[in-house]
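Fold and contact review
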Amino acid sequence: MERADVQGLMLFAYRQHPRSRFFLLRFAGGNPREWLRRVLTDVTSGDEEKHEPYRFNVAFSARGLAALGLDEEDLLTFQREFVQGMSHPERSHVLGDRYSDAPEQWQWGNEAEPVDAVAMLYAQSEEDLHGRSAELEKLLEKFGIAARIEDVALGEGGREHFGFADGLAQPFVKGSGRKRKPGESKLATGELVLGYENAYGKVNEVPSAKRRRGTREHPYFVAGSTSRVQLGHNGTYLVVRKLRQDVAGFWQYCWDAARAEQAPDVAARAKLIAARMVGRWPNGVPLVEAPEAERPPRASLNDFGFRELDPDGLRCPFGSHIRRANPRDMFGETAKEGLRDANLHRLVRRGRAYGPKLAGELPQRDDGVERGLYFVALNADLRRQFEFVQQTWLNSCKFAGLSDERDPIVGKDAADAEERIVPRPFTVQARPLRQRHSHVPKVVHVRGGEYFFLPGMRALNYLCDGSD
Ligand code: HEM
């Protein structure tokens, strides 16, 4: 992997830079090329060792690329899902964005509030963030670019708002330069970066653009033709979804269910019910390793499979979020085959929390303030990776023998023939009888989203002035 030419977000979660701000940009009437030229030297690359107090990355929607001068012929070399955009009816159908999740209800990313680019600023402290952010805002104003600013942060101890450690399971991508941790599957570079061999042993498709005057000869840029450049080389697709979390609703349900079971220790039972929905304990320990109670984490939280430890879902329910999001070795004739197939659908996740933590003892009362997860994922193939996970695993009612339920955390609403929303069950496999939770509330709601392209460093250069 040419690490100097990929943007840093591909390789780093920036955990040393926990404070962050996402700028959702609208180019109309402004001068985005000039703006990009001005911020270019601030963009963090994959070999960035600088001890700066911040990190900065930038990605564009199809609209944004058009505003930077790509024409229809150029755009058609990108993946169809990206060109359509996340709020396109075909994408909504695949992603299950209907009813309360329909794009018409979103704060941004839909027809009313389209977004051309996302600029992501990460800082070590709140003070650094504000300082750098003020400079960025000034530049945006100077070049006539409107910005919606969203404060996001790594939750305390890396926890999302429901209180669970997040961002733990990541694939190991060949050539990333980092050390592989126990249990991490090794992915071909082309599963994350465009222009490399993917899991099928094929070099993935690289979007291209017309060569502009001034583009010098370059191995990445001349795509076997003298008229087009390989703009997508060392780039990837970036998924951003703003997901509101109903924290009070989630825990209230778990406590009510624990009370209904007349559990002797309601708090402990509520925590178990929540952990079963996630597939891990709040501290990240997987249920396949600790099915009854939370215990201190081992050195590795990722070195496990489902097939041997838990073939019948008796430790970690089949329908739990992590089992659906990545079934690991569960399917297939052999563990090896299952793992190979599951690894065709991996995501590099870089999500961060927005909104204040809900204070108080569990189960807390809602304070009416919006909070949630800015879900951010990178992948080379939107259809085979992000959309597949969302549609075929998380939101499919047929999964691992289950037939009428979806992911308990992010599963969508379903309606009957009369378009009435039907209750959401969640099954816990058990002997002699399985247990069924009914009327699980919908606790995650889509508030916005878009597909972006995260170009390589040279491609960024091309986008602002056309030369390498
Ligand atoms: C507000 C919404 C969400 C919450 C609260 C949430 C929470 C979590 C938590 C606590 C974990 C376990 C820790 C970890 O391995 O990082 C996890 C894992 C994961 N989630 Fe989510 N998640 C959300 C949305 C999504 C969405 C929309 C997707 C994909 C479409 C997704 C895909 C994954 C994947 C792939 C894993 C790793 C599974 C593994 O490899 O073991 N999540 N999530």
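Preceding this paragraph is the structure being described.
Below is a summary of the structure that appears in this document. (Residues numbered from 1 in each chain as written. Predicted model: local features only at pLDDT ≥ 70, side-chain atom pairs only at ≥ 80, totals over all residues.)

Concerning the environment of Gln385
Here is the rule: Numbering goes from the N terminus for both helices and strands, where a helix is a DSSP run of H or I of at least four residues and a strand is a run of E of at least two. Backbone-placed C-beta atoms define the burial measure: a residue is buried with 20 or more other C-beta atoms within 10 Å of its own, exposed with 12 or fewer, and partly exposed in between. Our contact criterion uses C-beta atoms placed from the backbone: two residues qualify when those atoms are within 7 Å.
Looking at the secondary structure, you find Gln385 in helix α11 (residues 383-394). The class for Gln385 is buried, based on 22 C-beta atoms found within 10 Å. Counting along the chain gives 40 residues from Gln385 to His345, while the straight-line C-alpha distance between them is 4.3 Å. Apart from residues lying up to four places away in sequence, Gln385 is in contact with His345, Arg346, Leu347 and Asn379.

Comments concerning helix α1 (residues 32-39)
Condition: Within this analysis, the arc is defined by the directions that extend from the helix axis to the C-beta atoms.
Restricting attention to buried positions, one finds in α1 the residues Pro32, Trp35 and Leu36. Buried residues along α1 cover an arc of 100° about the axis, so they all sit on one side. Close packing links the buried residues of α1 with α2 (62-67), α6 (126-142) and α12 (457-465).

Remarks on the packing of helix α7 (residues 247-260) against helix α8 (residues 266-278)
For the record, the criterion: Between N-to-C directions, angles span 0 to 180 degrees; the directions come from axes that are lines fitted to C-alpha atoms, helices contributing only their stretch in contact. Angle categories are assigned with fixed cut-offs, so that under 35 degrees is roughly parallel, over 145 is roughly antiparallel, 65 to 115 is roughly perpendicular, and the rest are oblique. Two helices crossing with the near one rotated counterclockwise from the far one by less than a right angle form a left-handed crossing, whereas a clockwise rotation gives a right-handed crossing. As a working rule, the residues Ala, Val, Leu, Ile, Met, Phe, Trp, Tyr, Cys and Pro are called nonpolar, Asp, Glu, Lys and Arg charged, and the rest polar, with Gly in that last group.
Where α7 contacts α8, the two axes come as close as 8 Å, and the packing angle between them is 120°. The angle between the axes of α7 and α8 places the two elements in the oblique class. Crossing of α7 against α8: the hand is right-handed. Contacts from Cys254, Trp255, Ala257, Ala258 and Arg259 of α7 reach α8 at Val266, Arg269, Ala270, Ile273 and Ala274. A per-class count over the contact of α7 with α8 returns eight nonpolar, no polar and two charged.

Details of the site of the ligand
Convention followed: Put plainly, near means the residue's C-beta atom, positioned from the backbone, lies within 6 Å of the molecule or strand in question. An automatic or database domain assignment supplies the start and end points of every domain.
Around the ligand sit 27 residues, and of these Phe164, Leu168, Ala169, Ala325 and Asn326 come closest. Going through the elements one at a time, β9 (236-245), α9 (321-325), β12 (372-379) and α11 are the ones with two or more residues in the shell around the ligand. It is α11 that contributes the most residues to the shell around the ligand, four residues altogether. Its residues assigned to classes, the shell around the ligand shows 18 nonpolar, six polar and three charged. The residue makeup of the shell around the ligand includes at least three contributed by each of domain 1 (3-241 + 449-465) and domain 2 (245-348 + 386-448).

Remarks on the nonpolar core
Convention followed: For the purposes of this analysis, a nonpolar core is taken to be any set of buried Ala, Val, Leu, Ile, Met, Phe, Trp, Tyr and Cys residues that are connected through C-beta atoms within 7 Å.
In this structure, Ala59, Val118, Leu121, Leu238, Cys254, Phe452 and Phe453 are the most contacted members of the largest nonpolar core, which totals 114 residues. Looking at this core, the element that brings in the most residues is α7, giving eight residues. The residue makeup of this core includes at least three contributed by each of domain 1 (3-241 + 449-465) and domain 2 (245-348 + 386-448). In contact with Leu238, not counting residues within four places along its chain, are Ala59, Val376, Leu378, Phe452 and Leu454.

Quick word on unusual backbone geometry
Cis geometry is found at the peptide bond from Leu362 to Pro363, where omega equals -15°. When you line up the elements, Pro363 lands in the loop between β11 (352-354) and β12. Residue Pro432 follows Arg431 across a cis peptide bond; omega there is 5°. Among the structural elements, Pro432 can be located in the loop between β13 (426-428) and β14 (435-437). One non-glycine residue with positive phi stands out, namely Tyr99, at about 50°. Structurally, Tyr99 is set in the loop between α5 (89-95) and β3 (117-123). Residue class for Tyr99 comes out partly exposed when judged on the 15 C-beta atoms lying within 10 Å of it.

As for the environment of Tyr196
In this fold, Tyr196 is placed in the loop between β6 (186-187) and β7 (209-210). You can call Tyr196 buried: it has 22 C-beta atoms within 10 Å. Each C-alpha atom, one on Tyr196 and one on Met1, is 8.1 Å from the other, the two residues being 195 residues apart in sequence. Sequence-distant contacts of Tyr196, defined by excluding residues within four places in its chain, comprise Thr189, Gly190, Val203 and Asn204.

Observations concerning the environment of Tyr451
In this fold, Tyr451 is placed in strand β15 (residues 444-454). The exposure class of Tyr451 is buried, given the 27 C-beta atoms found within 10 Å. In this structure, the C-alpha to C-alpha distance between Tyr451 and Pro32, residues 419 residues apart in sequence, is 19 Å. When near neighbours in sequence (up to four residues on either side) are disregarded, Tyr451 contacts Ser61, Glu81, Phe82, Gly85, Met86, Tyr237, Val239 and Leu382.

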